[in-house]
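Reading the structure
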Amino acid sequence: MQHVLVTGAAGDIGRRLRVLLKGVYPHLRWSDVRRPNDLAAGEDFVQAELADMRQVEAAVDGIEGIVHLGGFSVEGPWETILNSNIIGCYNLFEAARRKDVERIVFASSNHAVGFYPRRRRIGTHAPVRPDSRYGVRKAFGEALGALYAFKHGLRVTSIRIGNIADAPVDERRLSIWIKPDDLVQLIRIGLEHPDIRNEIFFGMSDNVRGFWDNEAAFRFGYRPQARSEDFRDAALAAQAKIPPDRIGGHYQGGPFCSDEYDGDADPSWY
Ligand code: 15L
């Protein structure tokens, strides 16, 4: 793997990867709708609006592997999700096909399955249960991944990222936290492992409270180095200051589930 494009370069994960992927691949290209303000001289950057197919094609030209972080990274109005995330994600996969890109690592999210209760441990065979329009767009990206893998021969890895941060910041994050270095390990499996066709991994570190069975990632050699439990006391102390949330506290997706919630079911049924 020589030529790698990372979209969403100006976002939080993009900024972290600009440090952590340095020197890992001979040619790294970064892309975003706006130029990161700390771009170093000599860094290859292509400005691209994901909703514009011609700009996306220019960004992927000459690239072998893509890490697709781009798009709106939390819940948002439908028009925003539709343009930058649904149309944008389609453009990215379709441009990759047209330009003979070999691999895509798609940054999916825990919010594609956020409406599973925390007490249930799920694997990647559980049907999606998005908790937001944002979660729906992540499920859509995973579906595109399967289409382009099986119909067009791309090698696709979707990583359902929990919460990337230097440390888990509350009780829910003790279950879903991923240290940036562990995410790099998963990304590298997606870009390099010879047996990838279309895989879904959970993006979490070694978390004893994890909601997910990450068997697929382990099968491909993932060995997370960080343990969320090392931060337990601070995370639980922070949790004690957060007001209780009947719906968000029940489901894996937390506040993404309670936001705009007007269901009338007793959440304990699900
Ligand atoms: C996500 O997918 C978001 O991008 C991030 O901002 C966090 O909210 C994270 O999920 C989370 O669930 O903590």
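Everything here concerns the structure above.
These notes cover the structure that comes with them. What you see is a predicted model, and the numbers here were worked out from it, not measured in a lab.

Definitions and cut-offs
Note on numbering: residues in each chain are counted from 1, in written sequence order. A pLDDT threshold of at least 70 governs which residues receive local features in this predicted model, and a stricter bar of 80 or more applies before side-chain atom pairs are shown or counted, although totals over entire chains, interfaces and linings include all residues. To get the side-chain values, take all heavy atoms of the structure and skip hydrogens and water. Burial status follows relative accessibility: with a 1.4 Å probe on protein chains alone, a residue under 20% of its type maximum counts as buried, one over 50% as exposed, and anything between as partly exposed. Think of it this way: any DSSP run of H or I at least four residues long counts as a helix, any run of E at least two long counts as a strand, and we number them from the N terminus. The arc refers to the directions leading from the helix axis to the C-beta atoms. Contacts are assigned to residue pairs with any non-hydrogen atoms lying within 4.5 Å of each other. Cavity: a set of points on a 1 Å grid over the protein atoms alone where a 1.4 Å probe fits but cannot get out. Pocket: an open set with protein on both sides within 12 Å along at least five of seven lines, its lining residues, like those of a cavity, having an atom within 4 Å of a point. Grid points are joined across faces, edges and corners, and a volume is the space filled by probe spheres set on the points. Residue polarity is assigned by list, with Asp, Glu, Lys and Arg as charged and Ala, Val, Leu, Ile, Met, Phe, Trp, Tyr, Cys and Pro as nonpolar; anything else, Gly included, falls into the polar class. Strand pairing follows a simple DSSP-based rule, namely that at least 2 bridges must link the two strands. Fitting a line to C-alpha atoms yields each axis, with helices limited to the stretch in contact; the angle taken between N-to-C directions then spans 0 to 180 degrees. Each residue is tested against the molecule or strand, and it is near if at least one of its non-hydrogen atoms lies within 4 Å. For the purposes of these results, a polar contact is taken to be a pair of N or O atoms within 3.5 Å, where, inside protein, one atom must be able to donate a hydrogen and its partner to accept one; residues adjacent in sequence count only when each atom of the pair is a side-chain atom. Each accessible area value is a Shrake-Rupley result obtained with a 1.4 Å probe; residue values ignore everything except the protein chains displayed when judging cover. Those molecules having more than half of their atoms within 2 Å of a cavity or pocket grid point set are described as sitting in that cavity or pocket.

1. Thoughts on helix H2 (residues 53–60)
Among the residues making up H2, those that are buried are Met-53, Val-56, Glu-57, Ala-59 and Val-60. Looking straight down H2, one finds its buried side chains confined to an arc of 160°; they lie on one side. Check the buried side of H2 and you find it contacts strand E1 (3–7), strand E2 (27–32), strand E3 (44–47), strand E4 (65–68) and helix H3 (78–98). Phi turns positive, to about 85°, at Gly-62, one or two residues after H2.

2. Structural notes on the side chain of His-250
Here His-250 is to be found in the loop between helix H8 (232–240) and helix H9 (255–258). For His-250, a relative accessible area of 17% translates into the label buried. His-250 has contacts with Pro-117, Arg-118, Arg-119, Asp-245, Pro-267, Ser-268 and Tyr-270, leaving out every residue within four places of it along the chain.

3. Notes on empty space enclosed by the protein
Counted by the stated rule, this structure contains one cavity of 30 Å³ or more. Its volume calculated, the largest cavity comes out at about 30 Å³. Lining the largest cavity are Val-67, Leu-69, Val-105, Phe-106, Ala-107, Ile-159, Ile-161, Leu-183 and Ile-187. Among the elements of the structure, strand E5 (103–109), strand E6 (155–161) and helix H6 (180–192) are those that each provide at least two residues to the lining of the largest cavity. The element best represented in the lining of the largest cavity is E5, accounting for three residues. For the lining of the largest cavity, a count of residues per class yields nine nonpolar, no polar and no charged.

4. Details of the sheet that holds E3
One open sheet accounts for seven strands, arranged E3-E2-E1-E4-E5-E6-E9; its pairing is parallel. The open sheet has two edge strands with one neighbour each: E3 and strand E9 (198–203). Ignoring strand direction, the axes of neighbouring strands in this sheet form an average angle of 20°. The pairing of E1 with E2 spans five bridges and is classified as parallel. Following the sheet pairing, Leu-5 is matched in E2 by Arg-29. Sheet strands in contact with helix H1 (residues 12–20) are E1, E2, E4 and E6, and its direction is about 160° off that of E2.

5. A look at the site of the ligand
If you check the shell around the ligand, you find Ser-73, Val-74, Ser-109, Asn-110, His-111, Tyr-134, Gly-162, Asn-163, Arg-172, Arg-173, Ile-176 and Phe-256 and nothing else. Separating an oxygen atom of the ligand from a backbone N or O atom of Ser-73 is a distance of 2.7 Å. Separating an oxygen atom of the ligand from a side-chain N or O atom of Asn-110 is a distance of 3.2 Å. Protein contacts shield 79% of the accessible area of the ligand, which totals 320 Å² for the unbound molecule. Applying the majority rule of atoms within 2 Å of the grid points places the ligand in the largest pocket. Element by element, the count of residues in the shell around the ligand is highest for helix H5 (residues 171–176), at three residues. Residues belonging to the shell around the ligand are distributed by class as follows: four nonpolar, six polar and two charged.

No statement about biological role is implied by the geometric values presented.
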